[in-house]
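Below, each chain spelled out in residue letters.
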Amino acid sequence: MPEQLELPPSQQKRNLRFWLLCAGGGLCVVTVASAVAGWMAVSHVNLGPFVGRRATAMLGRPVSVEALSVTPGRWVKVALSGVKVANIPGGSQPDMVQAGKLEAEVKLSSLLHGPMVVRHVAGEGIHVLVERTPDKQPNWRFQMHGLPGAHEAASPAHPPTSGITSPSQVVPDDRSAYPTALDVVFRNSDVTYRTAHGSSFRTTLNSVNLQTENATTPVKFAVDGAYNGQPVQLTVTMQSFDALRHTHTPYGMGVQGQSEDLKFTFDGTATDPINADGLAGKITADTPTSQPLMAIAGMSVPQDIPLHMEGQFTHAGNFWSLTQGKGMVKNNALSIALAELNEGTRGQPDHVKADMAFDHLNLNDFLAAKGASNPAGTDMVLDVSQNPDPLIDAYLSAKGVTYNIYHFSDASLTAAVTPGVMAVKNLSLAYLGATMTASGQIAAADHGKAHVQGAVALTKVDIDRFRRALGFQAVPLQGQVDMQMTASATQHTVNAVVQQADIAAAVAMTNGALDRKIIRAASADLRMLFHTPQGTTPVSCLLGVVSSHGGVGQAVPLRIKTAEGTLSANARFDLNRRWFDLTFGSQGKTTGRFALDIPVQVSGSFSNPHIGLARWSADGRAMLAQSERLNALPAGVKQFAQRNACYRAIAQ
């Protein structure tokens, strides 16, 4: 056998390097082939159970995924089906989240250097239940495990917070790594919010579409759905996803919405757009009936109320407000300085503040029965809740107000609604040249009624204007009177209160005029046999004490002091029958030597009374001299009476 030649050392090294290179290359080829084979095989592996177990451990709540597949490629396709996230113990349903199908494609390179880019996102049959259990536990809080610093997470709906916030105070989620979604479609889905008391508010999402070309172009978002069964369509134009990722810069958006005949728009920004929070911008709303708006609010109206409204809108957490507002409500123009809602914390009512002004407010348009043509039938039900929601602090004003057959001017109302009580801090209005100011409260009473109690002051009441408005014949007294009164009643409506109230009042005049014939007639002056005096005599003071119940009452005593004599009188009246009985006579020491001082009686209907001599008796004299009514007056009314010059003469 030939002897084998030994290779030179240099040749041996070259051969060793060659075989090492081949071995390494082969190993790389095998590794790459294995990776490619594994990568391609992933699409045939159901990762659902594995992901479900990982999600359960992370959220601290059972999560199941029937199927999850990943298809490799330049765009990695992820598809899930049969996803369920369990509810908390005590929830109204076993599952908080159910998702029939979810699909998306993720750009592979964006996983290596973000933000992530996704396309063809599709979902169907997604149902989300957000609720509080009867013991007020929220189901949207998760006990997070496995994430650094994570203890609990909330749903996009902010959990209740206390106090009032503003858009600048909303702390948005970090949006710097938020993915770009080129196109998104969701169908046949819904989100339901259920309160601890069992009330449900369901948002139905028939279809949700989001479209944009890339991360730098505007985003178009459209929703076709319903809220509590009321159809709602939204079209939203938003800034780009690049702008969205600037966390501390307000994100611009324009919204156009419609629900049947209701159309509304919003043009502004959001500091937390992902949660639709920190909103600030101009809002408008138009509806010829207000029916869709009331349906969305969970209310109903007995008639169509055309509405146009616009103003500056803000929403931050539990705080909602409208300022610089103006509009028209059923042909009643108004401006809104402030309309503010602060949502109540857990178990507490909402709180509303309002400052609104009307040019002219025709309450008959809102309160008259549907189809009624007679404004005299207008009435207002006094409905006071023991547990009102919301609580209200309001200031309302109007240059003119029409209620029933009355026309008021320069009206203003400051009122508050609290549990069981509506407090009227101040009510002011003008009528027939007179000014009325009032304060008091309306409290809940038995059998659906309300107890009304208040103090009222009337100033500059022109006797002639009011007697014509009431249908009286001409009276011999001219001038203006002031009145201070208290009133109380327990009734069901405003008109019933007016008709049935218990009233204690004092009426006073400091400047006026009385027909001279009345002085001569009241004193039975013999000079009347020879000539009838003409003209009037100045009234230096007038004071009367009035009490009534259910429109029936008396004025006792009544004193009129003039330079030609002093008259004392008493009167009875029935406003329901429009009837009165007035007895008056002169005080002998104030009249002349020819006066017989015989009392005179005027009685009958307001429009056609008859005049005669009063009964000459001790009873009649005692009636005229009656003074104990002054001692029984309420404190405020008595103080008013004491300022009148006639008070001392009556009280003595």
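A quick note: this is a predicted structure, and the numbers were derived from the prediction, not measured. Positions within a chain are numbered from 1, following the residues in the order the chain's sequence is written. A pLDDT threshold of at least 70 governs which residues receive local features in this predicted model, and a stricter bar of 80 or more applies before side-chain atom pairs are shown or counted, although totals over entire chains, interfaces and linings include all residues. The basis for every side-chain value is the complete set of heavy atoms in the structure, and neither hydrogens nor water enter the calculation.

**Looking at the overall build of the chain**
To qualify as a helix, a DSSP run of H or I must reach at least 4 residues; to qualify as a strand, a run of E must reach at least 2; elements of each kind are numbered from the N terminus. Each helix and strand counted, the chain has 13 helices and 32 strands in total. Going through the 652 residues of the chain one by one, you find that 39% of them count as buried. By sequence separation, contacts in the chain at least 24 residues apart represent 50% of the contacts at least 6 residues apart. Here the chain has roughly 35500 Å² of accessible surface; of this, 59% comes from carbon and sulfur atoms. Each residue is assigned to one of three classes by its accessible area relative to the maximum for its type, calculated with a 1.4 Å probe on protein chains only: buried under 20%, partly exposed between the two thresholds, exposed over 50%. Here a residue-residue contact requires only that any non-hydrogen atoms of the pair lie within 4.5 Å. All accessible areas in this document rest on Shrake-Rupley with a 1.4 Å probe, and a residue is counted as covered only by the protein chains that are shown.

**Quick notes on the pattern of salt bridges**
Salt bridges are defined as contacts in which a side-chain nitrogen from Lys or Arg sits within 4 Å of a carboxyl oxygen from Asp or Glu. Using the criterion set out here, one finds 10 salt bridges in the structure. Among the salt bridges present, the one from Asp242 reaches Arg245, with a minimum N-O distance of 2.8 Å. By relative accessible area, which is 31% here, Asp242 ends up partly exposed. The class of Arg245 is buried, set by a relative accessible area of 12%. Note that Arg572 is salt-bridged to Asp581, the shortest N-O span being 2.5 Å. Ionic contacts of the salt-bridge type, sharing partners, join the residues Asp464, Arg467 and Arg468 into one network.

**A short note on the nonpolar core**
Ranked by size, the top nonpolar core spans 61 residues in total, and within it Met253, Met309, Val401, Leu477, Met509 and Val539 carry the most contacts. What makes a nonpolar core is a set of buried Ala, Val, Leu, Ile, Met, Phe, Trp, Tyr and Cys residues whose side-chain atoms join them at distances within 4.5 Å. Core analysis: the second largest hydrophobic core is formed by 11 residues, Ala508, Val545, Leu633 and Tyr647 among them.

**Some points on the environment of Pro388**
Following the sequence through the fold, Pro388 ends up in the loop between helix H6 (364–367) and strand E19 (391–403). Overall, Pro388 belongs to the buried group, its relative accessible area being 10%. C-alpha of Pro388 to C-alpha of Thr418: the two residues are 30 residues apart in sequence and 6.7 Å apart in space. Discounting chain neighbours no more than four positions away, the residues touching Pro388 are Pro349, Val417, Thr418, Pro419 and Gly420.

**Side note on unusual backbone geometry**
Omega for the bond connecting Asp389 with Pro390 falls within 30 degrees of zero, at 15°, which places this linkage in the cis form. Of note in this structure, His447 is not a glycine but carries a positive phi near 60°. With respect to the helices, strands and loops of the structure, His447 is situated in the loop between strand E22 (434–444) and strand E23 (450–462). In this structure His447 comes out as exposed when scored by relative accessible area, which is 79%. Phi is positive for Lys460, which is not a glycine, with a value near 60°.

**A few points about the packing of aromatic side chains**
Aromatic rings from Phe, Tyr and Trp, taking only the six-membered ring of Trp, are treated as a pair when their centres fall within 6.5 Å; an angle between ring planes under 30 degrees marks them as stacked, one over 60 as edge-to-face, and anything in between as tilted. Summed over all chains, the structure comprises six aromatic pairs. For the pair Phe266 and Phe313, a centre-to-centre distance of 6.2 Å together with 85° between the ring planes defines the contact as edge-to-face. On the criterion of sequence distance, the pair formed by Phe266 in strand E13 (residues 262–272) and Phe313 in strand E15 (residues 307–316) is long-range, its members being 47 residues apart. Of the two residues, Phe266 and Phe313, both sit in the buried class. With 5.3 Å between their ring centres and 55° between their planes, Phe408 and Tyr431 make a pair best called tilted. Placement of Phe408 in strand E20 (residues 406–418) and of Tyr431 in strand E21 (residues 421–431) is noted, with a sequence separation of 23 residues between them.

**Observations concerning the environment of Ser540**
With respect to the helices and strands, Ser540 occurs in strand E27 (residues 536–549). When the C-alpha positions of Ser540 and Ala563 are compared, they lie 7.6 Å apart, and in sequence the two are 23 residues distant.

**Focus: helix H7 (residues 463–470)**
Between N or O atoms, a polar contact is any pair within 3.5 Å; within protein, one atom must be a potential hydrogen donor and the other a potential acceptor, and residues adjacent in sequence are included only when both atoms are from side chains. Sitting at the head of H7, Asp462 places a side-chain oxygen 3.2 Å from the backbone nitrogen of Asp464. Gly471 occupies a position one or two residues after H7 and carries a positive phi of about 85°.

**Let's talk about the pairing of strand E11 (residues 230–238)**
Pairing analysis gives nine bridges linking strand E10 (residues 219–227) to E11, with the strands arranged antiparallel. Across the sheet, Gly225 pairs through a bridge with Val232, a residue of E11. Pairing between two strands requires that DSSP report at least two bridges joining them. A loop of two residues connects E10 with E11, the two strands running antiparallel in sequence, and Asn228 in this loop sits at a positive phi of about 50°. Where E11 and strand E12 (residues 251–259) come together, six bridges link them in antiparallel fashion. What sits directly across from Thr235, in E12, is Gln256.

**A word on helix H12 (residues 635–642)**
Within an α-helix, residues lying three or four positions from one another point in the same direction, as the helix has 3.6 residues per turn. Buried within H12 we find Val637, Phe640 and Ala641. Seen from one end, H12 has its buried residues packed into an arc of 100°, which puts them on one side. The reported arc concerns the directions from the helix axis to the C-beta atoms and nothing else.

**Some remarks on the state of the cysteines**
Disulfide assignment relies on a single distance test, namely cysteine sulfur atoms paired within 2.5 Å. Counted according to the given criterion, the structure contains one disulfide. Here Cys541 connects covalently by a disulfide to Cys646, the sulfurs 1.9 Å from one another. Here the S-S torsion is close to 85°, and the disulfide linking Cys541 with Cys646 is therefore right-handed. Here the residue Cys541 occupies a position in strand E27, and Cys646 occupies one in helix H13 (residues 646–651), the gap between them amounting to 105 residues. The exposure class of Cys541 is buried, given its relative accessible area of 1%.

**Focus: the environment of Val545**
Relative to the elements of secondary structure, Val545 occurs in strand E27. Assessed through its relative accessible area of 1%, Val545 is described here as buried. In the structure, Val545 is positioned 38 residues away from Val507 in sequence and 6.4 Å away in space, judged by C-alpha atoms.

**Digging into the confidence of the model for the chain**
A residue's pLDDT is simply how confident the predictor is in it, with values from 0 to 100. Confidence in the prediction for the chain averages 81 pLDDT; 78% of positions are at 70 or higher. Taken element by element, the predicted model of the chain shows its lowest mean pLDDT in strand E6 (residues 152–153) (44) and its highest in E12 (96). Ignoring residues within four places in sequence, the model shows residues 22–39, a span with pLDDT below 50, making three contacts including any to other chains. Segment residues 147–165 is flagged for pLDDT under 50; beyond a separation of four residues in sequence, or across chains, it makes 36 contacts in the model.

**Digging into the pairing of strand E18 (residues 351–362)**
When strand E17 (residues 332–342) meets E18, the two strands line up antiparallel, connected through eight bridges. Its bridge partner being in E18, Ser335 is matched across the sheet by Ala357. Direction of pairing for E18 relative to E19: parallel, over a ladder of 11 bridges. Along E19, the bridge assignment pairs Val352 with Ile392.

**Thoughts on the side chain of Thr287**
Tracing the chain through its elements places Thr287 in strand E14 (residues 277–287). Side-chain polar atoms of Thr287 contact the backbone nitrogen of Thr289, separated by 3.2 Å. A polar atom in the side chain of Thr287 sits 2.9 Å from the backbone nitrogen of Ser290. Those residues in contact with Thr287 that sit more than four places away from it in its chain are Asp261, Leu262, Pro292, Ile305, Pro306 and Leu307.

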